[in-house]
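If you want the building blocks of each chain, they are given just below.
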Amino acid sequence: MDQKATVRLTIDNKEITVAQNMTILEAARENGIRIPTLCHHPALSNWGGCRICVVEVDKAPRLVASCVMPVREGMEVVTSNERILESRRTILEFLFAERNHYCMFCAQSGDCELQSLAYELGMDHLTVPPSFKEFPIDATNPYMALDHNRCILCGRCVRACKELAGNSVLNYQNRGARTLICKDLNDLTEDSSCDSSGVCLQVCPTGAMYQRLRPHQAVLGKRGPVRVVQTRCAVCGLLCQGQYSVRDGNLMRIDGLLSTQRPDRGQLCRKGRFEPLVNKGGRILEPMVRGKDHELHPTTWEDALERLAAGMMQGRQRKAGLLGLVSADCSCEEIWLFKEMLEEGMGGHAGLLEREALLPIQGALKEMERTFLGLRECSWVHLSEADFILLVGGHPEESHPLLVSMIRRASMERGAWVASMGGSGVSSAFRTLHAEIASHELAEAVRFLLARALEGSGSFNPITRWRRILSEVEPIRSKDSLKELPLQLREVVEQIASGFMNSLHPLIVAGPELSGKGEYSALQHVMFLALLKGLLPQNGLRLILLKPGGNPACALRLNCLGIPEESEARGAGACLLLLGGGQNHGLGGVVPRADFLGVIGSHVPEELLNKAHVILPRPLWLEQEGSYLSLDGHEMGHVSEVLSPPPGVRRSWETLLALAGRTGVRALPSTMESLRARTMAAMNLS
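Rules used in this analysis
- Residues numbered from 1 in each chain as written.
- Predicted model: local features only at pLDDT ≥ 70, side-chain atom pairs only at ≥ 80, totals over all residues.
- Heavy atoms only, no water.
- Helix = DSSP H or I, 4+ residues; strand = E, 2+ residues; numbered from the N terminus.
- Polar contact = N/O pair within 3.5 Å; in protein donor to acceptor, adjacent residues only side chain to side chain.
- Pairing = 2+ DSSP bridges.
- Axes fitted to C-alpha atoms, helices over the stretch in contact; angles between N-to-C directions.
- Buried < 20%, exposed > 50% of the residue type's maximum accessible area, 1.4 Å probe, protein only.
- Core = buried A, V, L, I, M, F, W, Y, C linked by side-chain atoms within 4.5 Å.
- Contact = heavy atoms within 4.5 Å.
- Salt bridge = Lys/Arg side-chain N within 4 Å of Asp/Glu carboxyl O.
- Parallel < 35°, antiparallel > 145°, perpendicular 65-115°, else oblique.
- Left-handed = near helix turned anticlockwise from the far one by under 90°.
- Nonpolar A, V, L, I, M, F, W, Y, C, P; charged D, E, K, R; others polar.
- Expected span 1.5 Å × (residues − 1).

**Q** Can you explain the side chain of R290? Please cite residues and give values.
**A** Looking at where R290 falls in the secondary structure, it is placed in strand β14 (residues 288-290). Among the polar contacts listed, one links the side chain of R290 to the backbone oxygen of H294, at a separation of 2.8 Å.

What follows is the structure in structure tokens.
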């Protein structure tokens, strides 16, 4: 049995035993001894640049930086005495003197490590002359700004950009007192390859990088009472863990739980970090009904619910009857309750607003089930193990930016190949191969790719067995495919096929371009291709399917997707919509005609405002708790209520239950706990 090598040392007269590969700083923190730092961050590599963490070792005349000094047997360390404190104060004074650190004018005041350190060390004035020269401010990004005048050049942002985001956009330029942080070749943020993940902003210890969406409540000079809630992000289905800081009922900032132990390094993308802070305007805050003048007017909850219930009951007998459409952004409890009320309680039909994107996926998975039982897509965390990543017909930079960060790191840290087929892929800087193929030609290109992969698959198991099965499912011949495409493009696709088959742990990320107009044969071929390299644990295909919304896997599991053709053709007698937070723009005509239209949403797009007869407000996802399935359906996450809904806005499940009561629907759960239990049972989850 291996025993971890340890050393014994003394820190501040306290004898401790720690692992021999630790630094003095890590050993001190593990034993509850505080050493102040600035350039050090536990989620980043050690730097030793600022020297704030200096300590005395074995009474030597020269102080050492504890964040980079390894421990050794018998070492005697002193972390605080007059000499050490004087050294730290001097370093701090020079940092303040070198740039503009007037806290009363800084947006980060009250939430600044440099400021807190000045309070701690009692530095209330400068004893050295300021040498501050004015530098420019880059405020070209809508979410965050870079103020060089407040930068201490600690390098946290540079390391975070490379080590956590895998982007390497940030670096240094110039020398000496003119040294600045730069992006790419000294580009402005809007012109650079920055993906606005904001991880640099999170680790910045000063106001040099600050978010532009901070409410004024955040600026108080000193740390004030802040309520911190740790919960999941429900925006895109990856269920990233975040830390939400709230003061006086206002959301001040969102941070990731940074960790080198997680596949995603605990970071957040721009959609999870910044977009919940954006005020989109046009929030629905009170019930509204359409009056005799054909205009919407505010009314009471009771009046709106009565009119909505009456409209739905009357609509059941007209045209194609009662129809409900729910958003893939809604929680599992909302989707199940909506479907149960519409279908079991009122005899209508419930479908999904994003059904055009998900129906082909459902069709392809069902078709695969006929030949290969129990197959499912793999968890997105397997991206951290892949040595060949193929992107087909997707735009993860727009839909799932965090996956792009993981792909970049796979390329930079492990040398993984990254290939893409379709209109665009991840950043070209990390792309080994790219086949530029129009959407309407992508299905044939995938068919050709599969054929070439089959030809080069060899005879080893399990490929031999599955290749025989695939040949019986559908004859695939490469000679028939891609006749119209240039020879150069065919060669690229052949290289992709060769790279895929020669890799040990390939993974495919497939996007919506593969499933246009309800066609799913291309998706099926991608699944066959993934099957050629064997399965991952839990019968997982080497495949990740990009889907819209924050909870699409729940809609797939509850089979709440399509709507009857009659509803599309004749229109519905009454239609009820439960919108998600992402439906504040147009819906693209996915709502069929209806004699009566009721809408529940936090924001309602213009096309519905002109048609709806009743509109009820809904909380944002941060304003009510709920359960969400991950993008791939492998993980269940609970999202806590971070903020209270605005006055007069009821939680969605309460609104649906109130509506169910007025339409005569009974036997529905009456509490959130019982609702969650029924929902989990319906999805066969404990």
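From this point, the narrative continues.
**Q** Would you mind going over the sheet that holds strand β11 (residues 227-232) in detail, with residue names and values included?
**A** In spatial order, the strands read β11-β12-β13; together these 3 strands make up an open sheet with antiparallel pairing. The open sheet has two edge strands, β11 and β13 (250-256), and neither has a second partner. Recorded for the sheet is a direction-independent mean angle of 25° between the axes of neighbouring strands. Here 6 bridges tie strand β12 (residues 241-247) to β13, and the two strands are oriented antiparallel to one another. Its bridge partner lying in β13, Y244 is registered against I254.

**Q** I'd love a proper account of unusual backbone geometry, names of residues and values included.
**A** The residue K59 is not glycine, and still its phi comes out positive at about 60°. Residue position: K59 is located in the loop between β3 (54-57) and β4 (64-65). For K59, a relative accessible area of 69% corresponds to the exposed category. Even without a glycine there, the phi angle at Q538 is positive, about 65°. Looking at the secondary structure, you find Q538 in the loop between α15 (521-531) and β23 (540-541). What makes Q538 exposed here is its relative accessible area of 56%.

**Q** Can you lay out the pairing of β12 for me, pointing to particular residues and giving the numbers?
**A** With 5 of 7 residues buried, β12 is to be regarded as a mostly interior element. Connecting β12 to the next strand, β13, in antiparallel fashion are 2 residues, including D248 with a positive phi near 55°.

**Q** An account of the sheet that holds strand β21 (residues 433-436) is requested, with residue identities and associated values reported.
**A** With parallel pairing, 5 strands are arranged side by side in an open sheet as β21-β20-β19-β22-β24. Sheet topology places β21 and β24 (543-545) at the edges, where each strand pairs with a single neighbour. The mean angle between the axes of side-by-side strands here comes to 10°, regardless of whether they run parallel or antiparallel. Pairing of strand β19 (residues 388-392) with strand β20 (residues 417-422), which is carried by 5 bridges, proceeds in the parallel orientation. In the sheet register, L390 faces β20, and the bridge partner there is A419.

**Q** Break down the nonpolar core for me, citing the residues and quoting the values.
**A** Counting residues in hydrophobic clusters, the biggest one holds 92 residues, and the most contacted among them are L390, M421 and I496. Not counting chain neighbours up to four residues away, the residues in contact with L390 comprise A419, S420, M421, L449, I496, L507, I508, V509 and L529. Within the second largest apolar cluster, 38 residues are counted, among which are I254, C378, L546 and V639.

**Q** Tell me about the pattern of salt bridges, and please be specific about residues and values.
**A** Here the structure, examined in full by the defined rule, presents 33 salt bridges. The shortest N-O distance in the salt bridge between R34 and E120 comes to 2.6 Å. Taken together, the residues span a long stretch of sequence, with R34 in the loop between α1 (24-30) and β3 and E120 in helix α3 (residues 113-120) at a distance of 86 residues. Here R273 makes a salt bridge to D255, at a shortest N to O gap of 3.7 Å. With a gap of 18 residues between them, R273 in helix α6 (residues 270-273) and D255 in strand β13 connect regions that are remote in the sequence. The same class applies to R273 as to D255, namely buried.

**Q** Lay out the packing of helix α9 (residues 355-371) against α15 in plain terms, naming residues and giving numbers.
**A** Relative orientation of the contacting elements α9 and α15 amounts to 50°, with a least axis distance of 9 Å. Judged by the inter-axis angle, α9 sits oblique to α15. In this structure, the crossing between α9 and α15 has a hand that is right-handed. Of α15, the residues touching α9 (which contributes P360, I361, A364, L365, E367 and M368) are L523, Q524, M527, F528 and L531. For the contact of α9 with α15, a count of residues per class yields 9 nonpolar, 1 polar and 1 charged.

**Q** I'd like a rundown of helix α14 (residues 487-502), residues and numbers included.
**A** The end-to-end C-alpha distance of α14 is 22 Å, a good match for the 22 Å that 16 residues give at a rise of 1.5 Å each. Among the residues of α14, those classed as buried are L489, V492, V493, I496, A497, G499, F500 and M501.

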